[in-house]
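An overview of the molecular structure
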Amino acid sequence: MSHLSAEELGPALGQGLLSFPVTHFDADLRFDEAAYRKHIAWLAQYDVAGLFAAGGTGEGFSLTPAEIDQVVRAAVAETGGRIPVIAPATAGTAAAVEQARAAEVAGAEGILLLPPYLTEAGPEGLVEHVATVCAATSLGVVFYSRANAACNDVTLARMAERCPNLVGFKDGVGNIETMTRIYARLGDRLTYIGGLPTAETFALPYTEMGVTTYSSAIFNFLPEFALAFYRAVRARDRDTVYRHLREFVLPYLDIRDRRPGYAVSIIKAGLTAIGRPAGPVRPPLTNLTDAERAELGALIRTVTGVAAA
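Residues numbered from 1 in each chain as written. Predicted model: local features only at pLDDT ≥ 70, side-chain atom pairs only at ≥ 80, totals over all residues. Heavy atoms only, no water.

Another aspect to go through is the nonpolar core. Buried together is how nonpolar side chains tend to be arranged in soluble globular proteins. Within the largest apolar cluster, 93 residues are counted, with the highest numbers of intra-cluster contacts made by Leu-166, Phe-248 and Tyr-252. Setting aside residues no more than four positions away along its own chain, Tyr-252 makes contact with Thr-198, Ile-218, Phe-221, Ile-266, Ile-267, Leu-296 and Leu-299. Formed by 15 residues, the second largest nonpolar core is a distinct cluster that contains Ala-49, Phe-52, Leu-114 and Val-167. (Core = buried A, V, L, I, M, F, W, Y, C linked by side-chain atoms within 4.5 Å. Buried < 20%, exposed > 50% of the residue type's maximum accessible area, 1.4 Å probe, protein only. Contact = heavy atoms within 4.5 Å.)

Quick look at the structure:
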């Protein structure tokens, strides 16, 4: 696949399932590039529309700028242009601009613009932040609305008007009225991505608000299940969606919700359970307990029918 223009990126992402690969660490919490590339190669065998390198599930918040660049370059090299790789840009505006420019040099197809951590801002400041980052790159940009960067339909419309290469909106808030207002105001100007933790839980109702895709962390360790779930959502097959929710997703959430940060930790535990370990999580996250890993392994067997490692 040739490099996607900003105009092409949004529709391409909206046509299939998206995922955030974990970032592999060794026992000393150093980036394990060889293991990471092996994981990317495995995921790239499946029909996925985009991979977000060094994102939330990839513990991008714990990586240095140099490590983020290394992770993005490894993902770009391993996918070989077959799947769009989306790189992160975060922190303050100046830092986000540097990351966006580095991602373009590294060969990424687009940018996920995450919230500027700690600092809160009003809508005017958010618009300027997004506009400055978008102006710094020719890549398509997906804005991640959550926490201190949550925005409403009016603010998003101002961003879209100023930024031709703003191609996507990822919702991490879950306010139904806001999403309805956004789609009513902007229509198909943007690609809408479900971005709440364990997005499968919200995927079916979100289809009614113009959200054609979502980011699946579960895809990391159960790619076939994640894709089957996505196909059922797109077909509006309620019976299959709710069966999958009852049999796996909701019990999985029971484990995930036991401790803050487990939304990431449980993915690495899932990879260990299927015999594809990704190493520990970095602080401030904590790993699942032995008992929780055993519980997760048993749950995975209900989906795969194969004994977990």
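From this point, things continue past the structure.
This part takes up the layout of surface pockets. When its volume is computed, the largest pocket comes out at roughly 610 Å³. Listed by contribution, the elements that provide at least two residues to the lining of the largest pocket are helix H10 (238-256) and helix H11 (262-273). Looking at the lining of the largest pocket element by element, the count peaks at five residues for H11. Split into classes, the residues belonging to the lining of the largest pocket amount to 20 nonpolar, eight polar and six charged. (1 Å grid on protein atoms, 1.4 Å probe; cavity = no way out; pocket = protein on both sides within 12 Å on 5 of 7 lines; lining within 4 Å. Points joined across faces, edges and corners; volume = space filled by probe spheres on them. Helix = DSSP H or I, 4+ residues; strand = E, 2+ residues; numbered from the N terminus. Nonpolar A, V, L, I, M, F, W, Y, C, P; charged D, E, K, R; others polar.)

Moving on to the packing of H10 against H11. Taken N-terminus to C-terminus, the directions of H10 and H11 make an angle of 115 degrees; their axes are 9 Å apart at the nearest point. Taken as a pair, H10 and H11 cross one another with a handedness that is right-handed. For the pair formed by H10 and H11, the contact residues are Tyr-252, Ile-255 and Arg-256 on the first element and Tyr-262, Ala-263, Ile-266 and Ile-267 on the second. Looking at side-chain class alone, the contact of H10 with H11 contains six nonpolar, no polar and one charged residues. (Axes fitted to C-alpha atoms, helices over the stretch in contact; angles between N-to-C directions. Left-handed = near helix turned anticlockwise from the far one by under 90°.)

Sites flagged by UniProt as "active site" (unreviewed entry) map to Tyr-144 and Lys-170. For the residues just named, distributed over 27 residues, the greatest C-alpha separation is only 4.7 Å, placing them together at one site. Lining the largest pocket, out of the annotated residues just given, are Tyr-144 and Lys-170. With respect to the helices and strands, the residue Tyr-144 is situated in strand S5 (residues 140-145). (UniProt positions renumbered as here; feature names shortened; annotations may be inferred.)

Moving on: helix H9 (residues 223-234). For H9, which comprises 12 residues, the first-to-last C-alpha distance of 16 Å matches the rise-based estimate of 16 Å (1.5 Å per residue) to within 8%. Burial in H9 covers these residues: Pro-223, Phe-225, Ala-226, Leu-227, Phe-229, Tyr-230, Ala-232 and Val-233. Of the surrounding secondary structure, the elements contacted by the buried residues of H9 are helix H2 (33-43), helix H8 (203-206), strand S8 (211-214), H10 and helix H12 (290-304). Positioned one or two residues after H9, Arg-236 has a phi angle of 55 degrees, which is positive. (Expected span 1.5 Å × (residues − 1).)

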